[in-house]
Amino acid sequence: MIKRPSFELAGVSVEPASRKTINIPVSTLSDHTPVTLSAHVIHGRNEGPVMFISAGIHGNEVIGVEIVRRLLRTKNFKSLRGTLIVVPIVNTFGFLNHSRYLPDRRDLNRCFPGSADGSLGSRLAHIFMNEIVAQCSLGIDLHSAAINRMNLPQIRVSANNHETLRLAHVFGAPVILTSALRDGSLRQEAKRIGVDVILYEAGEGMRFDEMSVRAGLAGILRVLKDVGLLPLAGIAGPKARSIVCADSHWQRAPAGGLLRMFKAEGDVVEVGDVLAAISDPFGQSETEVKARYSGIIVGRAVMPIVHEGDALFHVAAVKSGDIAEAAVDDLATQLEEASLFDEDEII
């Protein structure tokens, strides 16, 4: 039998049926502390696809880091076919500073494809694109809402990409939101070089949310099984078909004050429903926030103090409210009952 070739990443070799963490130099901090892009490579004994999973492109979106931590503890990778590259923290600078951004206030997800001699963000994007993404055929990028916002577990894909839409259904989040590719984003530049990326959004910045973590871990395992990387019979499919939403809107605060919310992520609303109330600190005035759009709430603010114009509810349009409610209810039931997704069961 011909032995499968080793996998090369940043000049480091990983032998078949082995795994290794590779630290790719990026820069140094102002106190001369080195900063690296750390990638964990699992190189299977047998041939198969090459795929990456990334988290922490925005340094304060820590929920993806926890999903990756649980994923890497699974014992099932002994049967992996192909190669999996896992990057728990892409934006180390932001992660250390609890910040979405890089030290120069740039958004890394607007710096792709980057360049070797550009800004700090451009250089980091260049390294990630050339060392990680360019070697793969598929990727899953993990995100959360920004600080002071909460997202329902959802997948974001391009409307005209049938394969990523199919994989989004395999993932099994309750909502699939089709969204256009943005200039400088990882999804856009990966697509330009022929690499499909699906983006998972869930939870809140700088917070862990157990349902969002479990939904993300379960979805990744399903995709790994579907593409042939992880041939496991015990990975269950989603109970309900995801709701595809092609349009969404943010509903903003009509006044400033103290916010009391009556609806949360996952609730299905109709035009005219009272979503929240905003009061002044003296209790002398109160403004109702009524739904301007019908659909499912896929994101919301969590801060009780708001200014006029602040984004409060992210509502995605659905064809049927009953179907949307069933998808969210089934997700909660599935995560409560399926011990497969408990950390102790998969390691």
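For the structure itself, consult the block above.
Now for a quick tour of the structure. (Residues numbered from 1 in each chain as written. Predicted model: local features only at pLDDT ≥ 70, side-chain atom pairs only at ≥ 80, totals over all residues. Heavy atoms only, no water.)

1. Brief notes about the environment of R110
- Summarising the element assignment, R110 is placed in the loop between helix 2 (92-96) and helix 3 (120-132).
- Between the alpha carbons of R110 and Q188 there is a distance of 9.9 Å; along the sequence they are 78 residues apart. (Helix = DSSP H or I, 4+ residues; strand = E, 2+ residues; numbered from the N terminus.)

2. Thoughts on the layout of surface pockets
- In this structure, the largest pocket spans a volume of roughly 650 Å³.
- Along the walls of the largest pocket sit 27 residues, with R100, R110, R156, R182 and E201 positioned nearest its centre.
- Listing elements by their share of the lining of the largest pocket, those giving two or more residues are strand 8 (149-157), strand 9 (175-178), helix 5 (186-192), strand 10 (196-203) and strand 12 (248-252).
- In terms of residue count, the dominant contributor to the lining of the largest pocket is strand 8 (three residues).
- Here the residues of the lining of the largest pocket are counted per class, giving eight nonpolar, 10 polar and nine charged. (1 Å grid on protein atoms, 1.4 Å probe; cavity = no way out; pocket = protein on both sides within 12 Å on 5 of 7 lines; lining within 4 Å. Points joined across faces, edges and corners; volume = space filled by probe spheres on them. Nonpolar A, V, L, I, M, F, W, Y, C, P; charged D, E, K, R; others polar.)

3. Thoughts on the packing of aromatic side chains
- Summed over all chains, the structure comprises three aromatic pairs.
- Ring centres of F112 and F128 lie 6.2 Å apart, and the angle between their planes is 65°; on these two criteria the pair is classed as edge-to-face. Residue F112 is located in the loop between helix 2 and helix 3, and its partner F128 is located in helix 3; the two are separated by 16 residues in the primary sequence. The two residues F112 and F128 agree in class, both being buried.
- In this structure an aromatic cluster arises from ring pairing among F52, F112 and F128.
- The positively charged end of R149 is found above the aromatic ring belonging to W250, 4.6 Å away from the centroid. (Phe/Tyr/Trp six-rings, centres within 6.5 Å; stacked < 30°, edge-to-face > 60°. Buried < 20%, exposed > 50% of the residue type's maximum accessible area, 1.4 Å probe, protein only. Lys NZ or Arg CZ within 6 Å of the ring centre and 35° of its normal.)

4. A closer look at helix 1 (residues 63-72)
- Helix 1 sits mainly inside the fold: eight of its 10 residues count as buried.
- Taken together, the buried positions of helix 1 are I63, G64, V65, E66, I67, V68, R70 and L71.

5. A look at the pattern of salt bridges
- What the rule picks out here adds up to 16 salt bridges.
- Between E15 and K3 there is a salt bridge; the shortest N-O distance is 3.3 Å. Of this pair, E15 sits in the loop between strand 2 (12-14) and strand 3 (18-28) while K3 is found in the segment before strand 1 (7-9), placing the two residues 12 residues apart along the sequence.
- Overall, E15 belongs to the partly exposed group, its relative accessible area being 37%. (Salt bridge = Lys/Arg side-chain N within 4 Å of Asp/Glu carboxyl O.)

6. Considerations on the sheet that holds strand 13 (residues 257-261)
- Spatial strand order, 16-15-13-18: four strands in an open sheet with antiparallel pairing. Since the sheet does not close on itself, it has two edges, and those belong to strand 16 (286-290) and strand 18 (305-306), each with one partner.
- Here strand 13 runs beside strand 15 (residues 274-279); their pairing, made up of four bridges, is antiparallel. By the bridge assignment, L258 is partnered in strand 15 with S279. (Pairing = 2+ DSSP bridges.)

7. As for a nonpolar patch on the surface
- A surface patch of nonpolar side chains, amounting to about 260 Å² of accessible area, comprises L258, M303 and I305.
- You can see M303 is positioned in the loop between strand 17 (295-301) and strand 18.
- Assessed through its relative accessible area of 35%, M303 is described here as partly exposed. (Patch = residues over 30% accessible without salt bridge, like charges linked within 9 Å, V, L, I, M, F, W, Y side chains within 5 Å. Areas by Shrake-Rupley, 256 points an atom, 1.4 Å probe, with all protein chains shown as cover.)

8. Quick look at the side chain of E204
- In this fold, E204 is placed in the loop between strand 10 and helix 6 (210-226).
- The buried charged residue E204 lacks any salt bridge, with R207 as its nearest oppositely charged partner at 4.5 Å.
- Not counting chain neighbours up to four residues away, the residues in contact with E204 comprise S144, A145, A146, N148, R149, M150 and V302. (Lys, Arg positive; Asp, Glu negative; His and termini not counted. Contact = heavy atoms within 4.5 Å.)

9. What about the environment of G299?
- On the secondary structure map, G299 appears in strand 17.
- Residues G299 and L312, 13 residues apart in the sequence, show an inter-C-alpha distance of 8.3 Å.
- Beyond its immediate stretch of four places on either side in the chain, G299 contacts M150, N151, W250, L312, F313 and H314.

10. What to know about the side chain of N151
- Structurally, N151 can be placed in strand 8.
- Since its relative accessible area comes to 6%, N151 is described here as buried.
- Here the side chain of N151 touches E201 through a polar contact of 2.9 Å, side chain to side chain.
- When residues no more than four places from it in sequence are discounted, the contact partners of N151 are S144, A145, R156, E201, A202, G203, S212, V298 and G299. (Polar contact = N/O pair within 3.5 Å; in protein donor to acceptor, adjacent residues only side chain to side chain.)

11. Brief notes about the packing of helix 4 (residues 162-171) against helix 6
- Viewed as axis vectors pointing N to C, helix 4 and helix 6 meet at an angle of 125°, and their least axial separation amounts to 8 Å. It follows from the interaxial angle that helix 4 and helix 6 lie oblique. Handedness of the crossing formed by helix 4 with helix 6: right-handed. Of the residues in helix 6, those in contact with R166, L167, V170 and F171 of helix 4 are A215, G216, G219, I220, R222, V223 and D226.
- Residues of the contact of helix 4 with helix 6, tallied by class, amount to six nonpolar, two polar and three charged. (Axes fitted to C-alpha atoms, helices over the stretch in contact; angles between N-to-C directions. Parallel < 35°, antiparallel > 145°, perpendicular 65-115°, else oblique. Left-handed = near helix turned anticlockwise from the far one by under 90°.)

Interpretation note: all reported values are geometric properties and have no functional meaning in isolation.
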